[in-house]
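Observations on chain architecture
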Amino acid sequence: MSQHSQFWQFLRRNAAFFVVGTLAAIAFRLLFFFKFRMITYDSFVYGDIAKNWLQHGIYGLDQPPDPTFVRLPGYPMFIAALWSIVGVEHYNAILLVQIAVDVLTCFVIADLARRLASQTAAKVAFVLTALCPFFANYTSAALTETLAILFAAAAFDAAVAALEAPTKKIRWVICGLALAAGILLRPDGGMLLMVIAAYSFVIAIRRRQRTIFVGAVLAAFIALAPLIPWTVRNWRVFHVFQPLTTTTASMPWEFVPHGFHRWTRTWIADYSSVEDIWFKVDGEPISVGDLPRRAIDDETQHIQTENLFAAYAENGNAISPELDTQFNLLAELRIRSHPLRYYVGLPLLRAADLWLRPRTEMLPIDSHWWMLRQDDPPQFRWAILLAAINIGYILLALRALLRNAIPYFMLFVSFMLLRTAFLAWMPNPEPRYVLECYPAIIALAACGLVSAIRPNSTTKFHRNHAIANQ
């Protein structure tokens, strides 16, 4: 009997459990929809592209539309498909469909946990996903996260299924399709392709199975194929080779303040600074008082920074190329003075913030949550609760990795390490960008929770997983 058939039989045997769980998942997400739904600046960028695509046949921004490639076509395509049915500007329709998408994610993560451990772990994973406040929160934000999480989960699940039975090409095809969808949503989706391909090649060599190598190549081809027309379009319209988007989400002719970004990287360590400074540039006033102490080492730097901020204000709250050069010179001075802080200390702090923060960025809770203990105790308690839930997922996942023979564990660990390293080097650490790791985290957490509750129980693994644990 195939693993696919086994999962459907598992669902049928536990129909009451999954019906109740599904209703709970929907109700939980509707709570966020009615209380915390959010349409951000990025939401309107995606919406504008989708509207112009529908009404003018141009993948572009503004009116009249100018062609653009600042966003990949996956999410605008999703929005355009919905708006072609319900009408343009119906953002609530996007959020409601995202609720359905996220409920589907619960089933995919349950199947992943079933493959990794047992049917009991699958049930636990379903509950942990259904009641995950971080997933539920993003269903009510018109952003790529909900879809990206689903396709990351589907790619993991299909990859594990393919490694279990590498001769079944349909599993590699599904993995490739999930990876393709993830890449079309955001350029960093390519990291999961890199990890799955590299890991599959290693397993192919260890097992001496050519079918795994062939399957991984097939998945990679399917994952990258949709980028061909996108790349051709960008070459024909803009005369540049751009298979994804630029790292700064800008057009080739637009000025990008790389010096300011470099200076920011010399001190930024947490998301609160992203809101205080990063999101305000350009267009809003910024203040030296909003900087943390580590942004200024001495009185000379304090004067330089104040002068730069004053020049920014005089320039209409915008960074000019000349001002950007001055930020770069200040960055060079700070890097020379403290190279370990720049190359090691701050990236580690950013990594810790990405993983351990309460994830309140889409909730009406101040990002400086640790300062709310006296000023707003209810907000502080909610932040602590969210932090505890987040850390609970991580600790349970670590327990599973350290105390259980989790098959293919390096597939998950490699992706988390690669994604964390990339994001920790960025000058704008936003916790939402690690959520693609959470399908694996929750599946592993379910395995860890089952082993904690039933320490003497035998976890079900397939014999062919043994080599994957090496």
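The next subject is empty space enclosed by the protein. A complete count under the given rule lists two cavities of 30 Å³ or more for this structure. Size it by volume and the largest cavity reaches roughly 130 Å³. What lines the largest cavity is a set of 13 residues, and nearest its centre among them are A148, A152, G182, G189 and E436. Mapped onto the lining of the largest cavity, the elements with two or more residues apiece are α8 (145-164), α9 (169-185) and α20 (409-425). Of the residues contributing to the lining of the largest cavity, the split by class is seven nonpolar, two polar and four charged. What the second largest cavity holds in volume is close to 30 Å³. As for the second largest cavity, its lining consists of W172, L179, L193, I196, A197, S200, A216, A219 and A220. No other element matches the four residues that helix α10 (residues 190-207) contributes to the lining of the second largest cavity.

On to the pattern of salt bridges. When the charged atoms of two side chains with opposite charge come close together, those side chains can pair. The tally for this structure, following the rule as stated, stands at 24 salt bridges. Note that D42 and R71 form a salt bridge whose closest N and O atoms lie 2.9 Å from each other. Within this pair, whereas D42 is found in helix α3 (residues 41-56), its partner R71 is found in the loop between β2 (66-67) and α4 (74-86), the two being separated by 29 residues in sequence. The exposure class of D42 is partly exposed, given its relative accessible area of 21%. For R71, a relative accessible area of 13% gives the class buried. Residues R432 and D42 are paired through a salt bridge, measuring 3.7 Å at the closest nitrogen-oxygen approach.

A pair of packed helices is characterised by two quantities: the angle between their axes and the separation of those axes. Packing of α8 against α10 leaves a shortest axis separation of 11 Å and a crossing angle of 10°. Considering their axes alone, α8 and α10 lie roughly parallel with respect to each other. Between α8 and α10, the residues in contact are A152, A155, F156, A159 and L163 and L192, I196, Y199, S200, I203 and R207, respectively. In terms of residue class, the contact of α8 with α10 is made up of nine nonpolar, one polar and one charged.

A few words on α4. For α4, which comprises 13 residues, the first-to-last C-alpha distance of 19 Å matches the rise-based estimate of 18 Å (1.5 Å per residue) to within 8%. Taken residue by residue, α4 has G74, Y75, P76, F78, I79, A80, L82 and W83 as its buried positions. Along its buried surface, α4 packs onto α3, α5 (91-116), α8 and α9. Positive backbone phi, approximately 100°, marks G87, located one or two places after α4.

Turning our attention to the nonpolar core. Among the nonpolar cores identified, the biggest contains 103 residues, and Y75, W355, L411 and F412 are the most heavily contacted of them. Here the element with the most residues in this core is α8; it accounts for 14 residues. Contact partners of Y75, with chain neighbours within four places excluded, come to Y46, I94, Q98, A141, A142, L143, T144, L147, L184 and L185. If you look at the next biggest cluster of nonpolar residues, it comprises 22 residues, including V274, V288, F327 and A331.

This brings us to the packing of α9 against helix α11 (residues 210-224). One way to put it is that α9 packs onto α11 with a least axis distance of 7 Å and a crossing angle of 35°. Considering only the axes of α9 and α11, their crossing is right-handed. Listed contacts from α11 to K169, W172, V173, G176, L177, L179, A180 and I183 of α9 are T211, I212, G215, A216, L218, A219, I222, A223 and L224.

With an omega dihedral of -5°, the bond running from Q63 to P64 counts as a cis peptide bond. Each neighbour pair has its own omega, and for V281 with D282 the value is -5°, a cis peptide bond. For R359, which is not glycine, the phi dihedral falls at a positive 65°. Overall, the relative accessible area of 4% leaves R359 in the buried class.

Once that is clear, we can look at the confidence of the model for the protein chain. Considering every residue of the protein chain, the mean pLDDT works out to 93; 96% of them sit at 70 or more. Here residues 458-470 scores under 50 on pLDDT; set against residues more than four positions off or in separate chains, the count is 31 contacts.

Right, let's talk about helix α15 (residues 299-314) for a bit. The terminal C-alpha atoms of α15 lie 23 Å apart, and with 16 residues this matches the ideal 22 Å at 1.5 Å per residue to within 8%. Buried residues of α15: Q301, T305, L308, F309 and Y312, and no others. Here the buried residues of α15 occupy an arc of 95° about the axis, which is enough to place them on one side. Residues E299, T300 and E314 are exposed on α15 and point more than 90 degrees away from its buried face. Along its buried surface, α15 packs onto α13 (258-265) and α16 (321-337).

What counts as what
Residues numbered from 1 in each chain as written. Predicted model: local features only at pLDDT ≥ 70, side-chain atom pairs only at ≥ 80, totals over all residues. Heavy atoms only, no water. 1 Å grid on protein atoms, 1.4 Å probe; cavity = no way out; pocket = protein on both sides within 12 Å on 5 of 7 lines; lining within 4 Å. Points joined across faces, edges and corners; volume = space filled by probe spheres on them. Helix = DSSP H or I, 4+ residues; strand = E, 2+ residues; numbered from the N terminus. Nonpolar A, V, L, I, M, F, W, Y, C, P; charged D, E, K, R; others polar. Salt bridge = Lys/Arg side-chain N within 4 Å of Asp/Glu carboxyl O. Buried < 20%, exposed > 50% of the residue type's maximum accessible area, 1.4 Å probe, protein only. Axes fitted to C-alpha atoms, helices over the stretch in contact; angles between N-to-C directions. Parallel < 35°, antiparallel > 145°, perpendicular 65-115°, else oblique. Contact = heavy atoms within 4.5 Å. Expected span 1.5 Å × (residues − 1). Core = buried A, V, L, I, M, F, W, Y, C linked by side-chain atoms within 4.5 Å. Left-handed = near helix turned anticlockwise from the far one by under 90°. pLDDT = per-residue confidence, 0-100. Arc of directions from axis to C-beta.

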